[in-house]
Amino acid sequence: MKDVAYWSPNEVLIWLAKEGLQEYSESFQKTSGKDLLQLNVDDFKNPPLSLVSSDSGRQILEKIETLKIESQIEVHKNGHANGHLILSHGTDSDSEIPNGKSKPNGIPNGFRKEMVKISMPEIERSQYPLEWGKTAVAFFYALCCFVTTTVMISVVHERVPPKEEYPPLPDKFFDFFDRVEWAFSICEINGMILVAAWFFQWLLLKYKSIVGRRFFFLVGTLYLYRCLTMYVTTLPVPGMHFSCSPKLFGDWEAQFRRIMKMLAGGGLTITGSHTLCGDYLYSGHTVMLTLTYLFIKEYCPRRFWWYHRICLVLSIVGIVCILLAHDHYTVDVVLAYFITTRLFWWYHTMASHQVLKETSANNFLSRVWWFKAFQYFERNVQGTVPHTYYQIPIYWSWYPFKYSRVLSST
């Protein structure tokens with residue numbers, strides 16, 4: 001192994017690729033081995049490295065420290081193996097032999113020291129194990145919560161009071177803005193665009209299994225909360241324009257068909273599958289518009305700020321359109337936004353700090369009801385997950401462009 005201090009910039013780039021750190025390749029184009037060994041935490045606090053690293057350089061600095069140790073071991077082994085000392089630089093003193101030849105340094109009388117090489121099996125443990133089985137569990141959990149929510153909507157629909165007897169509740173937003181008929185369609189279109197964008201972005205992630213189970217667990221928990229709130233408090237319809245499906249009064253077979261129709265249509269009004277009333281507190285559309293944007297921004301590099309802005313506009317416009325359509329009370333939207341953002345921030349804060357993954361008297365976050373599930377999903381994930389993307393070639397008809405690995409700097 002060549003001494004790291006004598007690496008050329010090209011050899012540094014090869015090492016980055018071997019360690020899965022291609023996101024630094026652009027910034028290290030002119031970095032030699034000597035420069036690499038001199039990197040420290042302060043270098044990652046300022047551009048350009050601060051724009052590439054999401055963990056203040058912790059991961060690459062740890063690998064550099066490992067590289068230093070390996071290099072020292074290699075030099076020691078090559079210099080003293082079999083009782084010889086390897087001299088590889090000039091003849092500055094009488095004790096050196098030219099041309100890097102070996103000089104015996106063993107014990108006299110024909111004896112010499114020899115290194116005994118013992119093969120030890122190396123156990124490789126990734127800081128970010130994929131654990132697709134856990135992702136499957138999280139997906140199944142989210143699916144069960146979504147089905148349960150659909151069943152609950154059908155149950156609550158039977159309890160919604162007639163709008164002729166119980167008119168819509170007063171709402172300040174409705175006082176200032178008249179209903180816009182097409183607004184809710186815009187909301188659902190924006191939601192589908194954001195979901196599609198996040199799905200495509202998720203497919204490119206290297207650690208998609210970890211990020212995927214985080215998304216499934218959060219969306220499942222949010223819909224589980226929604227089941228509870230809509231069941232305990234049934235609000236009257238927000239507007240007189242609502243045309244709710246007739247009540248079935250215990251016809252379970254008809255209710256089952258209604259539930260299956262809603263599931264097949266994704267619970268969207270634009271697909272004609274959602275004609276039930278009562279699922280107001282809180283807004284499921286706001287949950288998806290907010291959550292998809294939070295994941296898109298969190299797991300996308302800052303350099304794509306224009307992509308963040310577009311998704312933010314789509315999310316905001318979609319939420320405003322919910323209110324303009326008078327399909328949800330303002331409190332439904334506010335509550336959905338508050339619960340979604342807090343749950344997202346709490347979960348990711350806990351996932352990024354090992355001390356918050358342990359049950360202790362001082363860790364009050366460990367008292368949440370879903371903490372055991374959180375420990376199961378995040379137990380083996382060490383620190384902040386690198387937002388590394390797979391390398392894919394994209395060719396335009398007139399210019400070749402390659403989507404390289406990038407790392408979020410959030």
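Because the structure is predicted, anything quoted here is derived from the model rather than measured.

**Observations concerning helix H11 (residues 330–352)**
- Here H11 contains 23 residues, and its C-alpha end-to-end distance of 33 Å stays within 8% of the 33 Å for a straight helix at 1.5 Å per residue.
- Those residues of H11 not exposed but buried are Asp 332, Val 333, Ala 336, Ile 339, Thr 340, Thr 341, Leu 343, Phe 344, Tyr 347, His 348, Met 350 and Ala 351.
- Buried residues along H11 sit in contact with helix H7 (208–232), helix H9 (284–298), helix H10 (305–324) and helix H12 (371–378).

**Re the packing of helix H4 (residues 132–157) against H7**
- One way to put it is that H4 packs onto H7 with a least axis distance of 8 Å and a crossing angle of 20°. In terms of their interaxial angle, H4 and H7 are classed as roughly parallel. Both H4 and H7 take part in a crossing whose hand is left-handed.
- Of the residues in the contact of H4 with H7, the class split is 18 nonpolar, seven polar and four charged.

**What to know about the side chain of Ser 32**
- Residue position: Ser 32 is located in the loop between helix H1 (9–18) and helix H2 (33–37).
- At 3.1 Å, the side chain of Ser 32 forms a polar contact with the side chain of Asp 35.
- Once residues within four sequence positions are removed from consideration, Ser 32 is found in contact with Trp 7, Ser 8, Pro 9 and Val 12.

**Quick notes on the packing of aromatic side chains**
- One pass over the structure, following the stated rule, counts 29 aromatic pairs.
- Ring centres of Phe 217 and Tyr 347 lie 5.7 Å apart, and the angle between their planes is 40°; on these two criteria the pair is classed as tilted. Taken together, the residues Phe 217 in helix H7 and Tyr 347 in helix H11 connect sequence positions 130 residues apart. With respect to class, Phe 217 is no different from Tyr 347; both count as buried.
- Here a set of aromatic residues connected by ring pairs shows up, and it is made of Tyr 141, Phe 217, Tyr 347, Trp 370, Phe 371, Phe 374, Tyr 376 and Phe 377.
- Here the basic side chain of Lys 134 rests over the ring of Tyr 376, its NZ or CZ set 5.0 Å away from the ring centre.

**Thoughts on H7**
- An ideal rise of 1.5 Å per residue puts 36 Å on 25 residues; H7 measures up with 36 Å between its terminal C-alpha atoms.
- In terms of burial, H7 is largely enclosed, as 20 of its 25 residues are buried.

**Considerations on the nonpolar core**
- Counting 63 residues, the largest nonpolar core has Trp 198, Phe 295 and Tyr 347 as the members making the most contacts within it.
- Secondary-structure elements contributing two or more residues to this core are H4, helix H5 (172–176), helix H6 (183–204), H7, H9, H10, H11 and H12.
- In contact with Tyr 347, not counting residues within four places along its chain, are Arg 214, Phe 217, Leu 218, Trp 370, Phe 374, Phe 377 and Glu 378.
- Membership of the second largest hydrophobic core comes to 18 residues, among which are Trp 15, Leu 21, Leu 39 and Val 52.

**Looking at the environment of Phe 146**
- As for its placement among the helices and strands, Phe 146 is situated in helix H4.
- Phe 146 gets classed as partly exposed once you look at its relative accessible area, which sits at 28%.
- Sequence separation between Phe 146 and Val 219 is 73 residues, and the spatial gap between their C-alpha atoms is 8.8 Å.

Analysis parameters
Residues numbered from 1 in each chain as written. Predicted model: local features only at pLDDT ≥ 70, side-chain atom pairs only at ≥ 80, totals over all residues. Heavy atoms only, no water. Helix = DSSP H or I, 4+ residues; strand = E, 2+ residues; numbered from the N terminus. Expected span 1.5 Å × (residues − 1). Buried < 20%, exposed > 50% of the residue type's maximum accessible area, 1.4 Å probe, protein only. Contact = heavy atoms within 4.5 Å. Axes fitted to C-alpha atoms, helices over the stretch in contact; angles between N-to-C directions. Parallel < 35°, antiparallel > 145°, perpendicular 65-115°, else oblique. Left-handed = near helix turned anticlockwise from the far one by under 90°. Nonpolar A, V, L, I, M, F, W, Y, C, P; charged D, E, K, R; others polar. Polar contact = N/O pair within 3.5 Å; in protein donor to acceptor, adjacent residues only side chain to side chain. Phe/Tyr/Trp six-rings, centres within 6.5 Å; stacked < 30°, edge-to-face > 60°. Lys NZ or Arg CZ within 6 Å of the ring centre and 35° of its normal. Core = buried A, V, L, I, M, F, W, Y, C linked by side-chain atoms within 4.5 Å.

Fair warning: the whole summary comes from geometry, so function is off the table for now.
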